[in-house]
Amino acid sequence: MAKTKEQLLNILDQFQLDEKVVSAEPFGNGHINDTLKVTNEKGEIKYVLQRINHLIFTNVDMLQNNIHVVTTHIRKKLEEKGETDIDRKVLTFLPTKDGKKYYFDGDSYWRVCLFIPRSKSYEEVTPELSYEAGKAFGDFQTMLSDIPEGTLGETIPDFHNMEFRLKQLRDAVATNAAGRVAEVQYYLDEIEKRLEEVKDLVEEIEKRAEAMCIQERLYREGQLKKRTNHCDTKVNNMMFDADNDKVLCVIDLDTVMPGFVLSDIGDFIRTGANTGAEDDENLDNVNVNMEIFKAYTRGYMEKAKAFLTPTEIKLLPYGGRLLTYMQTVRFLTDYINGDTYYKIHSPKHNLIRTKAQFKLLQSLEAHAEEMDQFMNQWL
């Protein structure tokens, strides 16, 4: 439900703001939460107001506690290192007037953080930005590596649990709610070629299932630890200094939770090192950009190597294959279920996404040996 200007100003009045504000207008291009920029009487952006999507983040108390723990921990680490201008290097969330971490207006959950001045973000990925992103996410994980296990909750349970995602797919295939399992879909690859049936994609996924559940098995065997991860490592989830183009801080902290380090390198490879679009219909466009992979990995290892185990380092390239495989499974599951989770722009959108992700997976598999050899320099 859209809010009027008066309603938004009333919501803002519930928080401990340092100065009078006069407007709140849509800001950015996020797909989950509603984000608004908040300006003062001089027209300066001072705060960011967000309506939390509580349909996805169902435990708002846990969500906001996670964010409070993480931002407080990072702030302490920056202070210990003698950093200055810290309000630009970690997100600062403001409490409500009654000391809470969010405000509930009877309909929606809201939070406010300081706007970071003289900052900018990027959407396009280059090797140079990938290197900076790798350092930023590596540093982010390093600063949070000593948070005691059990401190943070899973804001989206089983978010990057491959065994769980495969169960969802198998349940979807068994139920066949939308009658799509045996459907034959045609696509225009060089304009007129036939693509495999949906069930062929399921078979390809099942062939890889055992190999793609390594991290859960290693965790149960005590060979892999759970770390504090960002879980959404895209280049637009960090703010850059407008003055020198260096990363100021990592943002979009909703998915920060316990998991395996493979997630944070894997998701960047999946999104940033893809030469095509996530929903590219021309599969010839979709391949892994090894220059991006190497730049991100080099930056990441500069910051993260100190806390990583040899097992984790060895598995990092596998993280790219794992997260791409996982997203293939998730898109296909949603398609079979009748498009109940992801927003679609055409009836076959999730199937198009599935095929594009699977093509990227095949490219990653073809470059697996080269990626593994690249990692050997840190072992």
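Structural notes, computed from the coordinates. Just so we're clear, the structure is a prediction, and the values are computed from it rather than from any experiment.

Further remarks concern the packing of helix H9 (residues 310-337) against helix H11 (residues 368-375). The N-to-C vectors of H9 and H11 enclose an angle of 150°; their axes lie 8 Å apart at closest approach. Note that H9 runs across H11; the crossing there is right-handed. Taking contact as the criterion, the partners of Ile313, Leu316, Pro317 and Arg321 in H9 are, on H11, Ala368, Met371, Asp372 and Met375. For the contact of H9 with H11, the class distribution of residues is six nonpolar, no polar and two charged.

On to the packing of helix H7 (residues 262-272) against helix H8 (residues 290-304), then. The description of two helices packed together rests on the angle between their axes and the distance between the axes. For the pair H7 and H8, interaxial distance at closest approach is 10 Å and the crossing angle is 155°. For the element pair H7 / H8, the angle class is roughly antiparallel. Crossing of H7 against H8: the hand is right-handed. Facing H7, whose interface residues are Asp264, Ile265, Phe268, Ile269 and Gly272, H8 presents Ile292, Phe293, Tyr296, Thr297 and Tyr300. Looking at the contact of H7 with H8 residue by residue, the classes come out as seven nonpolar, two polar and one charged.

Bringing the environment of isoleucine 269 into the picture now. Considering the arrangement of structural elements, one finds isoleucine 269 in helix H7. By relative accessible area, which is 2% here, isoleucine 269 ends up buried. In sequence terms isoleucine 269 and asparagine 376 are 107 residues apart; their C-alpha atoms lie 18 Å from each other.

A few words on the pairing of strand E6 (residues 109-114). A large share of E6 lies buried, amounting to five of its six residues. Sheet topology note: the strand E3 (residues 45-52)/E6 ladder contains six bridges and is antiparallel. Along E6, the bridge assignment pairs glutamine 50 with arginine 111. Here strand E4 (residues 93-94) pairs with E6 via two bridges, running antiparallel. In the sheet register, leucine 94 faces E6, and the bridge partner there is valine 112. One ladder, built from two bridges, connects strand E5 (residues 103-104) with E6; its direction is antiparallel. By the bridge assignment for E6, tyrosine 103 is matched with tryptophan 110. Counting the residues between successive antiparallel strands, the hairpin from E5 to E6 contains four residues, one of them, glycine 106, with a positive phi of roughly 95°.

Taken as a whole, this structure holds 28 salt bridges when the rule is applied. Of the charged contacts, one joins arginine 118 and aspartate 243 as a salt bridge, the two residues approaching to 3.6 Å between their closest N and O atoms. On the criterion of sequence distance, the pair formed by arginine 118 in the loop between E6 and strand E7 (119-120) and aspartate 243 in the loop between strand E11 (238-241) and strand E12 (247-250) is long-range, its members being 125 residues apart. The exposure class of arginine 118 is partly exposed, given its relative accessible area of 46%. One network of salt bridges, with partners in common, ties together Asp85, Arg88, Arg118, Asp241 and Asp243.

Before going further, it helps to spend a moment on the side chain of glutamine 327. In this fold, glutamine 327 is placed in helix H9. The exposure class of glutamine 327 is buried, given its relative accessible area of 10%. Residues contacting glutamine 327, with those up to four places away along its chain left out, are Arg270, Tyr342 and Gln357.

Another aspect to go through is the packing of aromatic side chains. Tallied over the entire structure, the rule returns 10 aromatic pairs. Arranged with centres 5.4 Å apart and planes meeting at 75°, the rings of phenylalanine 374 and tryptophan 378 form a pair that is edge-to-face. The exposure class assigned to phenylalanine 374 is buried, which follows from its relative accessible area of 11%. A relative accessible area of 14% means that tryptophan 378 is categorised as buried. Through pairs of rings, three or more aromatic residues link up here, namely Tyr102, Phe104 and Tyr109.

Rules of the game
Residues numbered from 1 in each chain as written. Predicted model: local features only at pLDDT ≥ 70, side-chain atom pairs only at ≥ 80, totals over all residues. Heavy atoms only, no water. Axes fitted to C-alpha atoms, helices over the stretch in contact; angles between N-to-C directions. Helix = DSSP H or I, 4+ residues; strand = E, 2+ residues; numbered from the N terminus. Left-handed = near helix turned anticlockwise from the far one by under 90°. Contact = heavy atoms within 4.5 Å. Nonpolar A, V, L, I, M, F, W, Y, C, P; charged D, E, K, R; others polar. Parallel < 35°, antiparallel > 145°, perpendicular 65-115°, else oblique. Buried < 20%, exposed > 50% of the residue type's maximum accessible area, 1.4 Å probe, protein only. Pairing = 2+ DSSP bridges. Salt bridge = Lys/Arg side-chain N within 4 Å of Asp/Glu carboxyl O. Phe/Tyr/Trp six-rings, centres within 6.5 Å; stacked < 30°, edge-to-face > 60°.

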